[in-house]
Amino acid sequence: MYFQSFQEFVEMGGHGFYVWLCYGIVLFSMLSYFFYSIQLAKSNQKELVKFYTRMDARSQASPKTQNQSGDITDDLGGK
Amino acid sequence: MWTWFFQLASPKWVYRFSDKLLPWFRAATLILFVVGLVLGLLFSPVDYQQGNTVRILYIHVPAAFLSMFVYVLMAISGGIGFIWRIKMAHIVSVSCAPIGAIFTFLALVTGAVWGKPTWGTYWVWDARLTSELILLFLYLGFMALHNAFDDRKTADRASAVLALVGLVNIPIIHFSVEWWNSLHQGATISKFEKPSMDVDMLKALLMMIAAFQVYFITVLLQRVKAEILEREKLSGWVKKLVTNE
């Protein structure tokens, strides 16, 4: 180990501010984006539930407006 | 035999497969980061000139490397989507952009903070730094351009063209330290020579590059999943997935 004590580790030979500022920014940004991207899928799902409710309501009102979608690659994913 | 290859074009397959892969990639990210940080912060030597600020290397270099790698991936997948009209390729391309922008931003910021004690300045308009800043603008431009269109297909195609045009910036960034007088140091790791770096430093650096790579794949898959749900919302499998949970 290159540090004799925790105090030395924090101080980084006088350059502690620069080193820890960098590591802090990096870890904060990357962790935030990690959780943000997970949250995005979840909030998209919530929005979709509302979307489907509205679509179903509309299609019950007038059956002609039903959409057909998806494509040939849908079958490749299995059921 | 080639079915697996064509499955890559299927949003449904990719969504399912990502669900299977993600736990492994998340675990690998955590492990690689912990090992890399321990090696870099505790078990690698100081630089005889810079002292401990050299430890910024272990986050600056991976961020910079990934910023370029992600751009190339974004451009190639955009190009594939553009030429062969494969929507999954556009999904990947669009999902790469925010992560790539973050890596570029981190490379610039950590570089600036590192530069202050080392070179005496946060910034200088030399070739390497300027071209990396331009890369950030390209990423932001890509995202802004994509957002500017109401029709998603047109948005995808326009952004793909921008990504491809900006691809020339990548070799400029890479070779800038060779072609011009630059404050930034030259390449340490080369295909043709033994690296000039201490082996303990090299170990930590390679571990951190691997950690950043695996983190990128993890976050990309998470982002791609979100994008697939939104884009494929009119298809049966998404409706079943969302309403049955």
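Residues numbered from 1 in each chain as written. Chains lettered and ligands numbered in written order. Predicted model: local features only at pLDDT ≥ 70, side-chain atom pairs only at ≥ 80, totals over all residues.

Focus: the overall build of chain A
- Of the regular secondary structure elements, chain A holds two helices and zero strands.
- Relative to its full complement of 79 residues, chain A shows a buried share of 14%. (Helix = DSSP H or I, 4+ residues; strand = E, 2+ residues; numbered from the N terminus. Buried ≥ 20, exposed ≤ 12 C-beta atoms within 10 Å, placed from the backbone.)

Let's talk about unusual backbone geometry
- Positioned with a positive phi, Arg85 of chain B is a non-glycine residue whose angle comes to about 50°.
- On the secondary structure map, Arg85 of chain B appears in the loop between α3 (57-84) and α4 (87-119).

Some details on the interface of chain A and chain B
- Contact residues are listed per partner, giving 34 residues for chain A and 43 residues for chain B.
- The residue inventory of the side of chain A that touches chain B, partitioned by class, reads 22 nonpolar, eleven polar and one charged. (Contact = placed C-beta atoms within 7 Å. Nonpolar A, V, L, I, M, F, W, Y, C, P; charged D, E, K, R; others polar.)

Comments concerning the packing of helix α2 (residues 16-61) of chain A against helix α8 (residues 199-231) of chain B
- Where α2 of chain A contacts α8 of chain B, the axes come no closer than 9 Å and their chain directions differ by 15°. The orientation of α2 of chain A relative to α8 of chain B falls into the category roughly parallel. In terms of crossing hand, the pair formed by α2 of chain A and α8 of chain B is left-handed. Residues Met30, Tyr33, Phe34, Ser37, Ile38, Leu40, Ala41, Asn44, Gln45 and Leu48 of chain A of α2 of chain A lie in contact with α8 of chain B, whose contacting residues are Tyr215, Val219, Gln222, Arg223, Lys225, Ala226, Leu229 and Glu230 of chain B.
- Partitioning the contact of α2 of chain A with α8 of chain B into residue classes produces eleven nonpolar, four polar and three charged. (Axes fitted to C-alpha atoms, helices over the stretch in contact; angles between N-to-C directions. Parallel < 35°, antiparallel > 145°, perpendicular 65-115°, else oblique. Left-handed = near helix turned anticlockwise from the far one by under 90°.)

So far we have only geometry, and geometry alone does not tell us how the molecule works.
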